[in-house]
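The residues making up each chain are set out below.
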Amino acid sequence: MVSLEEFRAYRSPLKDFYDGKYVLLTGGSGFVGKLLIEKLIKCNVAEILLILRRKKGLSPTERLEQLLGKEAVFVNYEKDPQLYLSKIRLIEGDISEVGVGISNDDLEYIYERTNIIVHAAADVRFDESLKESIQTNVRGTQEMLKIAEKCRQLEIFTYISTAFSHCVLGVIEEKFYDPPLDPSVLIKASESENDADVFEQLSKKLIEPWPNTYAFTKSLSEEMVRRYKAKLPVAIIRPSIITTTMEDPIAGWTDNLYGFNGVVCGAATGVLRIFHIHMDYKASIVPADTVINATLAVTWYAASHREEDNVYNCTTDDNPVSWRETQHQLEHWKDRIPFDKSLWITTYNTTRFKLVADVLSILYHVLPALFFDAMLQLGGQKPRVLKLYRKVHRFSAVLRFFTNNQWCFRTARMRRVLDAMAADDQQYFPCDAKAIQWNSFLDHQIKGLRQYLMRDPWSTLEKSVRRHRLRTFAHWCLLAVLYGGMLYLAVKVLHAYGYIDFTGLHESNLEECLEAEAI
């Protein structure tokens, strides 16, 4: 990990671009947003204008204090809280509201000072209603662009989209695409209370062939950005499946169970025992710090190349890894660092056939869940495992599209940005997919998921290893009993129908016994 002092000591065009700038940031309480805050403070920005809403009875100020004090990613907060508090100015607002719900005084402050806008806020739930997704992802982007239009010192507006905004295509270029529908029309339709029920009923038809409302609304949001291209300097970055950090600011950090993180955690805790996936397809995963550094590099580059179509794919197509390769590497750790908070031993059962996955989910998920719940009830506890598996199956269903298809993401524009970066920037803002060492990254990932997401302290490792060995022994004993019983039942059935005859075997054994007695 690079120290704050070392980072601030070096000079380069990319780093100097952020020095003393006012950055308006949305989505700062999210996974990507937290990493952006940490990196921007390192870059010595003048101020981060952070849009935060009230949530669960907490004010934006209370939420910020909780955020900074809780997350390990804010590596210097414990020893120097003022480093963060002096650089962050809270703007109360809600991206899903018209006008973003920002007061007039705060808007004037934004208009007067903002140099850079990074719009990272989004509703990332795949199963969210179309109305909510449009109002947050599409209308929210439109409202931020309206604010950007009035910023008197704006140098660049960067929108963090997703590489799957155009996942209905096999090859995804770094360019603007025509939208599936007019986003302005859909915004108006989502705002109509009279047609709300009809709108939701039509949502599945409207988003076809997109797999979910998230990818669909991201494609519409990109169109919103394109419509402002003639008025504003804009850039779009499209990351693929964002996972844990590789090393910046710490290795293996994440705060969510989305996507690949959820699959790894589910398998490591013994909860996800069968998964529908094509193991030989490319895993479109990308480390989170690669995305953050690429976003800042793209923002810097696009600010001085306004005439270009500044659309960039942030993927690992230049250094691909398959799902099978990720599985093999993660399996190395299943006996060495088992999770303390686990249901059973680690398993990695997969199939590319949906029917097989559905049948095996009954055997591997539903039946064991019923058994565990019965044990809980006998112990006077509330059954909860079957309820857990309902969530697991919903999670698996929404990921099927992404684990059983693969895409070719063009990255020539992103390569142009990398080529423009100074040698020191390549070191301090590492975002070249070719430099990713997958085995090392996956090692850090499994450790980070245990430590930061599951919050299993390393002091529990010895106990977890002992329990894992006992469970492994019990697991193989159960399998021996299960398969032995199935074999016995099969033999009995075949014998009953005359497919197996033991008569000759009995006679042969009797003759051998008589001969032995005679001797």
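Keep in mind it's a predicted model, so treat the numbers as computed, not measured.

## Some remarks on the overall build of the chain
Thought 1: When helices and strands are tallied, the chain shows 21 helices and 13 strands.
Thought 2: For the chain, the spread of C-alpha atoms along the three principal axes comes to 110 × 55 × 50 Å.
Thought 3: For the chain, buried positions account for 53% of its 519 residues.
Thought 4: Relative to all contacts within the chain whose residues are 6 or more apart in sequence, the contacts with residues 24 or more apart total 84%.
Thought 5: Accessible area of the chain: about 24,600 Å², with a carbon and sulfur share of 54%.

## Points about the pairing of strand S1 (residues 22–26)
Thought 1: Counting buried positions along S1 yields four of five residues, so the element is predominantly enclosed.
Thought 2: Note that S1 and strand S2 (residues 47–52) share four bridges and pair parallel. The partner of Val-23 across the bridge, within S2, is Ile-48.
Thought 3: This β-α-β element, S1 to helix H3 (residues 31–42) to S2, shows right-handed connectivity.
Thought 4: The pairing of S1 with strand S4 (residues 116–119) spans four bridges and is parallel.

## Focus: the packing of aromatic side chains
Thought 1: Per the counting criterion, the structure on display carries 23 aromatic pairs.
Thought 2: Seen in terms of ring centroids, Phe-401 and Trp-407 are 5.7 Å apart; in terms of plane orientation they differ by 45°. Their pairing is tilted.
Thought 3: Of the residues examined, Phe-401 reaches a relative accessible area of 25% and is grouped as partly exposed.
Thought 4: Since its relative accessible area comes to 5%, Trp-407 is described here as buried.
Thought 5: Among the aromatic residues, ring-to-ring pairing joins Phe-126, Phe-164, Tyr-214, Phe-401, Phe-402, Trp-407 and Phe-409 into one connected group.
Thought 6: Its end group placed over the ring of Tyr-10, Lys-15 keeps NZ or CZ at 5.4 Å from the ring centre.
Thought 7: Its end group placed over the ring of Phe-429, Lys-39 keeps NZ or CZ at 4.7 Å from the ring centre.

## A word on the pairing of strand S5 (residues 156–160)
Thought 1: Of all five residues making up S5, five are buried, and the element is well covered by its neighbours.
Thought 2: Where burial is concerned, the two faces of S5 agree: the one with Ile-156, Thr-158 and Ile-160 and the one with Phe-157 and Tyr-159 are both buried.
Thought 3: Crossover S4 to S5 through helix H7 (residues 130–149) is right-handed.
Thought 4: Summarising the sheet, S5 and strand S7 (residues 234–239) pair through four bridges and their orientation is parallel.

## Quick look at the nonpolar core
Thought 1: Within the largest apolar cluster, 85 residues are counted, with the highest numbers of intra-cluster contacts made by Met-144, Ile-147 and Phe-157.
Thought 2: With seven residues, H7 is the largest single contributor of residues to this core.
Thought 3: Those residues in contact with Ile-147, other than ones at most four positions away along the chain, are Leu-24, Val-100, Ile-102, Leu-107, Ile-110 and Tyr-111.
Thought 4: Leu-25, Leu-52, Leu-68 and Val-73 belong to the second-largest nonpolar core, a separate cluster that totals 60 residues.

## Overview of the sheet that holds strand S11 (residues 311–314)
Thought 1: As summarised here, the arrangement of the seven strands in space is S3-S2-S1-S4-S5-S7-S11, forming an open sheet in which the pairing is parallel. At either margin of the open sheet sits one strand with a lone partner, and together these are strand S3 (88–92) and S11. Pairs of neighbouring strands in the sheet enclose a mean axial angle of 20°, with direction left out of account.
Thought 2: Of the strand pairs in this sheet, S2 and S3 are connected by five bridges, and their pairing is parallel. Note that in S3 the partner of Leu-49 across the bridge is Arg-89.
Thought 3: Packed onto the sheet, helix H6 (residues 104–113) meets S1, S2 and S3 and runs at close to 130° relative to S3.

## A short note on the side chain of His-119
Thought 1: Locating His-119 in the fold gives a position in strand S4.
Thought 2: For His-119, a relative accessible area of 0% corresponds to the buried category.
Thought 3: Excluding anything up to four places from it in sequence, His-119 contacts Thr-26, Ile-95, Gly-140, Thr-141, Met-144, Phe-157, Thr-158, Tyr-159 and Ile-160.

## Looking at the environment of Ser-161
Thought 1: If you trace the backbone, Ser-161 turns up in the loop between S5 and strand S6 (171–172).
Thought 2: Taking relative accessible area as the criterion, Ser-161 reaches 4% and is therefore assigned buried.
Thought 3: Taking the C-alpha atoms as reference points, Ser-161 and Ala-268, separated by 107 residues in sequence, lie 30 Å from one another.
Thought 4: Apart from the residues within four sequence positions on either side, Ser-161 is in contact with Lys-218, Glu-222, Ile-236, Ile-237, Arg-238 and Pro-239.
Thought 5: Side chain to side chain, Ser-161 and Glu-222 meet in a polar contact 2.8 Å long.

## Quick word on the UniProt feature "transmembrane region" (unreviewed entry) in the chain
Thought 1: As recorded in UniProt, the feature "transmembrane region" (unreviewed entry) lies at residues 473–491.
Thought 2: As a span, residues 473–491 carries 100% helix and 0% strand, and end to end its C-alpha atoms are 27 Å apart.

## A word on the pattern of salt bridges
Thought 1: Under the defined criterion, the tally for this structure stands at 34 salt bridges.
Thought 2: Here Glu-71 and Lys-34 are joined by a salt bridge, their closest N and O atoms 3.0 Å apart. With Glu-71 in the loop between helix H4 (60–70) and helix H5 (81–85) and Lys-34 in helix H3, this residue pair connects regions lying 37 residues apart in the sequence.
Thought 3: A salt bridge links Arg-125 to Glu-128; the nearest nitrogen and oxygen atoms lie 2.4 Å apart.
Thought 4: Under the relative-accessibility criterion, Arg-125 is labelled partly exposed at 43%.
Thought 5: Note on Glu-128: relative accessible area 16%, which makes it buried.
Thought 6: Because the salt bridges share partners, they merge into one network encompassing Asp-178, Asp-182, Glu-223, Arg-226 and Arg-227.

Definitions and limits used
- Residues numbered from 1 in each chain as written.
- Predicted model: local features only at pLDDT ≥ 70, side-chain atom pairs only at ≥ 80, totals over all residues.
- Heavy atoms only, no water.
- Helix = DSSP H or I, 4+ residues; strand = E, 2+ residues; numbered from the N terminus.
- Buried < 20%, exposed > 50% of the residue type's maximum accessible area, 1.4 Å probe, protein only.
- Contact = heavy atoms within 4.5 Å.
- Areas by Shrake-Rupley, 256 points an atom, 1.4 Å probe, with all protein chains shown as cover.
- Pairing = 2+ DSSP bridges.
- Right-handed = clockwise from strand over helix to strand, strands pointing away.
- Phe/Tyr/Trp six-rings, centres within 6.5 Å; stacked < 30°, edge-to-face > 60°.
- Lys NZ or Arg CZ within 6 Å of the ring centre and 35° of its normal.
- Core = buried A, V, L, I, M, F, W, Y, C linked by side-chain atoms within 4.5 Å.
- Axes fitted to C-alpha atoms, helices over the stretch in contact; angles between N-to-C directions.
- Polar contact = N/O pair within 3.5 Å; in protein donor to acceptor, adjacent residues only side chain to side chain.
- UniProt positions renumbered as here; feature names shortened; annotations may be inferred.
- Salt bridge = Lys/Arg side-chain N within 4 Å of Asp/Glu carboxyl O.

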